[in-house]
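Structural overview for review
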Amino acid sequence: MISFRSVSKTYAAESAVNNFTLDIPARQITVFMGLSGSGKTTLLRMINKMVPLTEGEILIDDVDIQQIDSVKLRRSVGYVLQEVGLLPHKSVLENVALIARISGQSSVEATTNAREMLELVGIDQSFFDRYPAELSGGQQQRVGVARALAIKPNILLMDEPFGAVDPIVREELQDELLRIQRSLGLTIVLVTHDRYEALKLADQLVILSKEAQIEQSGSPAEIEAQPSSEFVSKLLGLGR
Amino acid sequence: MTWALNNAELILQLTLTHLFVSLIPLGLGFVLAVALARVTPAPFTPGITSALGAVYAIPSLALFVALPALIGTDFLGLTNVMIALTIYVISSMFFSARDAFTSLPPATIEFARAQGLSASQRFFFVEFPLAIPGLIAGARIAAASTISMASIAAVVGVRNLGYLFLDGFQRRIFDEVFAGLLAIFVIAIAVDLSLWLLGRALTPWSRRSRV
Amino acid sequence: MFDFESLWMWLADSKNWEGRYGLPNLLAEHLSLTFMSIGIAALIALPIGIAIGHSGKGGSVVVLLGSASRAIPTMGLLFVLVMLLGVQQRELAVTLALVAIAFPPILSGAYAGIRALEPHIPEAARAQGMTGSQLIRLVEVPLAMPAIVGGFRIAWIQVVSTVVLAPLIGLGGLGFGIIQGLALRNFDQVVASAMLIVILTVLGDQLIGVAQKTQTLKLENSSGGRNK
C-alpha cells in the first residue's frame, strides 16, 4: 500500500499539490484523472522521489520513502512514460535487460528475464535485436512496459502511457495491461486525461482538480452512478 | 613534384611532428571540453561561452607568443604551442559539446533517472553514447582547423609542415611551399575522414530506422 | 615569468609610435587590408549564398567548400599566391588570399541562415502572393540576419589572424612587431604587439557579437509581439 499523508508541493511560491491525503491499495489499479495542471503527474513522480515533497510524507508498506535511498527506491518501482524514452543506441533486448545488468545481475540471467518480459507484452522474437527507431509507436510502448516489468517491481507508475498511440492499438495495450496486472498482482498508479481509459482500467478512480484537490474517489461504477459535482460529470462525459 | 620526391624523408619527418603537435592538443582539448561542458552549471554557460568565444578570436601567432608572458612557458618551445592549440580546441568544441549534451531526448534522460541509474551510470550508459554524433561533429571541425593552424607554429620555431612554407618562401622554391600546403590539406582531410568513420562505427543505431 | 615593466617601457617609448613601422601606421595597414578583403568577399559571397539558400540548389557545394576551407592552412595559401603572382604583386596576392579566406564563412552564413528557416515560412509568404525577390528581401534575408552576421564574425577572425602573417612576405600590419621581435629576440616588442593584436581582434569579435545579438533580439521581439 502507498499512503500519501498531508502531502504538499510548492514551486517558487506556486502551489502544485496542496495537503493531499490518499491510500493506494496494493494489487489494484489506481487512476489519477484530471485536467492538465491538476498536479496528477507531480503526485506520480513523488512516489519514486523524482519530485521532492515540500510537506507531508509518503509511505510505501509503512516505510517513509524519505528513509529509502532514491536510487534503490527507483530500481524497485517500475516507471512507464508517454514518450517511452527507450535508449536509442541499445537493441530492444538490451533496453529491457539494462537495469538488471547494472544492478549486478549476470548477463545470462538478465537476458533470459528480458526475453520472458518481452514475450509477456507480446513482442515477437524477431524484434529483439532491432533498435527502438525500427519499431512502431505501439511496439515501443510495449517494450517500455516490458522494461519496467523486468526489474520485478511490486509497484508500476505509468504517466499517460498510451497517450501517443492510435485508438485501436491503445485498446489492445489496455487489455494487455489488465491481463498482466491480474496475473502478476501489481500495484499500478496510472495518470491519464482519457476518460475511457480511466473508467476501463481503474479499480480506484481519483478525480483531481486544481492543486490536486480530490473531487471524488471510488470505483468507476460508484462515481458514474453518483458524480459528486458538475465538474466530475463533465470530466467523465456523463450525460444527464 | 621532383622536389617532393627528393625530399620525401624530410616531408615524412615533418608530417610526424605535425601530427604529434596537433593530435595531442586535439585529444586533450576534446576531453577537457567535454568535461567542462558537462560540469558547468547552466547559469555559468553563457559567461563561459562568450569568454571562450573571445579566446577563439585571438590570432594563433599572437597566442603562441603571448602565452609565455602569461604562464611562463618557453617562447620557442613545443609545449607552449601545444598548450595554445589545446586552448583553441577547448574554445572551438565547448559550444558543440554543450549542445550535444543538452539536446539529448528528454524522455530517455527522464527514464534513466526515474528507473534508478546513478549519475555516473547515466553518463556512461546513456548521455555520452547518445552525445557521440554531436561530439564527433564538433571534433571534426576542431581537427581540421587545428591541423591547419598548427603550421603557424613554424614561425616560432616548431619544425612541422609549416617549416616548408617558411623555408620554401625564403629559398624561392614554389614546389616546397606547395608540397607543404598539399600535405597539410591531405592529413587534415584524412583525420576528418577517420573521425567520420569512427563516429559511424560508434553509432550503428543512427543508421537504422523504421521504413 | 615575463617582466611586465619592460613591456610598459616598450609601449611608452614614443619611437614605437612614429614612422612607417610605428603602431598607428601598422594598425591602419592591418585594418585596411582586413576591411577591404572582407568587403570584396562579401560583395561576391552574399549574393551567391542568398541565391543558393533561396533556391536550394548547390547547397552541397557550399557545405563542401566550408569544410575544405578549414583544412587549408592560411599561411600556405598566402605564400603560394605571392609566389605565383610575384613579390612585386604581393599586395594583390595578399588581398586575393584574404578574399579567398573570407569567402567561405560569409557564403556559408548566408546559405545556412536561409536554409535553417522553417519551410512553412517561405511557403506561407509565397501563398500570399510574394514574388521570389520580395520573399528574399522581406522574409528570408531579415530572418537569416543573425546567421549572416555570424558568417562575418568567422571571416573577421580568419582574416585578421592571417594579416598578422603579412610581415612574413614583407608587408606591414600589427604582426610586424612579432616577426621583427622574434628575429631580433626582442621579446618586449613581441609581447606588446601580441597584446595589441589580441585587444584588436577580441574587440572586433565582441562588436560583431553585439550586432549578432541585436539582430537576434530584433527577431525575437517582433515574433514575440505577434504571438502574445
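In this report, the structure presented in the accompanying data block is examined. From a predicted model like this one, the values you see are computed outputs, not experimental measurements.

1. Quick word on the overall build of chain B
Per the secondary structure count, chain B includes nine helices and zero strands. The order of helices and strands in chain B, counted from the N terminus, is α-α-α-α-α-α-α-α-α. In terms of overall dimensions, chain B has a C-alpha envelope of 65 × 45 × 20 Å along the principal axes. Residue burial in chain B is summarised as follows: out of 211 residues, 46% are buried. In chain B, of all internal contacts separated by at least 6 residues, the share reaching a separation of at least 24 is 73%.

2. As for helix α3 (residues 59-70) of chain C
Taking 1.5 Å of rise per residue, twelve residues should cover 16 Å, and α3 of chain C covers 17 Å from first to last C-alpha, within 8% of that figure. Of the residues making up α3 of chain C, those classed as buried are V62, S69 and R70 of chain C. End-on, the buried residues of α3 of chain C take up no more than an arc of 105 degrees, which puts them together on one face. Those residues of α3 of chain C that are exposed and aimed more than 90 degrees away from the buried face are S60 and L64 of chain C. Looking at the buried positions of α3 of chain C, the neighbouring elements they touch are α7 (119-149) of chain B together with α2 (23-55) and α5 (90-115) of chain C.

3. Here we look at the interface of chain B and chain A
In this assembly, 21 residues from chain B lie in contact with 21 residues from chain A. When contributions to the side of chain B that touches chain A are tallied by element, the ones reaching two or more residues are α6 (106-114) and α7 of chain B. The dominant element in the side of chain B that touches chain A, judged by the number of residues it contributes, is α6 of chain B, at six residues. Classifying every residue of the side of chain B that touches chain A by side-chain character gives ten nonpolar, seven polar and four charged.

4. Quick look at the arrangement of the chains
Across the two pairs of chains that are in contact, the largest number of contacts falls between chains B and C. The two units chain A and chain C never meet; even their closest C-alpha atoms stay 21 Å apart.

5. Describing the pairing of strand β1 (residues 2-11) of chain A
Residue and element names in this part refer to chain A. Direction of pairing for β1 relative to strand β2 (residues 14-24): antiparallel, over a ladder of seven bridges. Pairing of T10 across the sheet is with S15, part of β2. Counted along the chain from β1 to the antiparallel partner β2, the turn is two residues long, and its residue A12 has a positive phi close to 40 degrees.

6. As for the sheet that holds strand β5 (residues 63-64) of chain A
Residues and elements named next belong to chain A. With antiparallel pairing, four strands are arranged side by side in an open sheet as β2-β1-β4-β5. Of all strands in the sheet, those with a lone pairing partner are β2 and β5, marking the two edges. Bridge count between β1 and strand β4 (residues 55-60): five bridges; the pairing is antiparallel. Note that in β4 the partner of F4 across the bridge is I58. Here helix α1 (residues 40-47) sits on the sheet and contacts β1, β2 and β4; the angle it forms with β2, its principal contact strand, is near 60 degrees.

7. Regarding the sheet that holds strand β10 (residues 213-218) of chain A
Residues and elements named next belong to chain A. Reading across the sheet, the six strands line up as β6-β7-β8-β3-β9-β10 and stay open at both edges, with mixed pairing between neighbours. One side of each edge strand has no neighbouring strand; the edge strands of this open sheet are β6 (77-81) and β10. The mean angle between the axes of side-by-side strands here comes to 15 degrees, regardless of whether they run parallel or antiparallel. Lying over the sheet, α1 contacts β3 (29-34), β6, β7 (155-159), β8 (187-192) and β9 (204-209), oriented at roughly 150 degrees with respect to β8.

Here is what the cut-offs are and how they apply
What you see as residue numbers is a count from 1 along each chain, following the sequence as written. Each chain takes a letter, starting from A, and each ligand takes a number, starting from 1, following the order in which they are written. Under the rules for a predicted model, residues below a pLDDT of 70 receive no local features and side-chain atom pairs below 80 are neither given nor counted, while totals for whole chains, interfaces and linings still include all residues. The numbering of helices and of strands both runs from the N terminus, where a helix is a DSSP run of H or I of at least 4 residues and a strand a run of E of at least 2. The exposure label follows from counting other C-beta atoms within 10 Å of a residue's C-beta, where the C-beta atoms are placed from the backbone and the thresholds are 20 or more for buried and 12 or fewer for exposed, leaving partly exposed in between. Contact between two residues is assigned when their C-beta atoms, built from the backbone, lie within 7 Å. Any helix carries an expected span of 1.5 Å times its number of residues minus one. Directions are taken from the helix axis to each C-beta atom, and the arc is the one they span. For this classification, Asp, Glu, Lys and Arg are treated as charged, while Ala, Val, Leu, Ile, Met, Phe, Trp, Tyr, Cys and Pro are nonpolar and the rest, including Gly, are polar. Two strands make a pair as long as DSSP finds a minimum of two bridges between them. Axis definition: a line fitted to C-alpha atoms, over the contacting stretch in the case of helices. Angles run 0 to 180 degrees between N-to-C directions.

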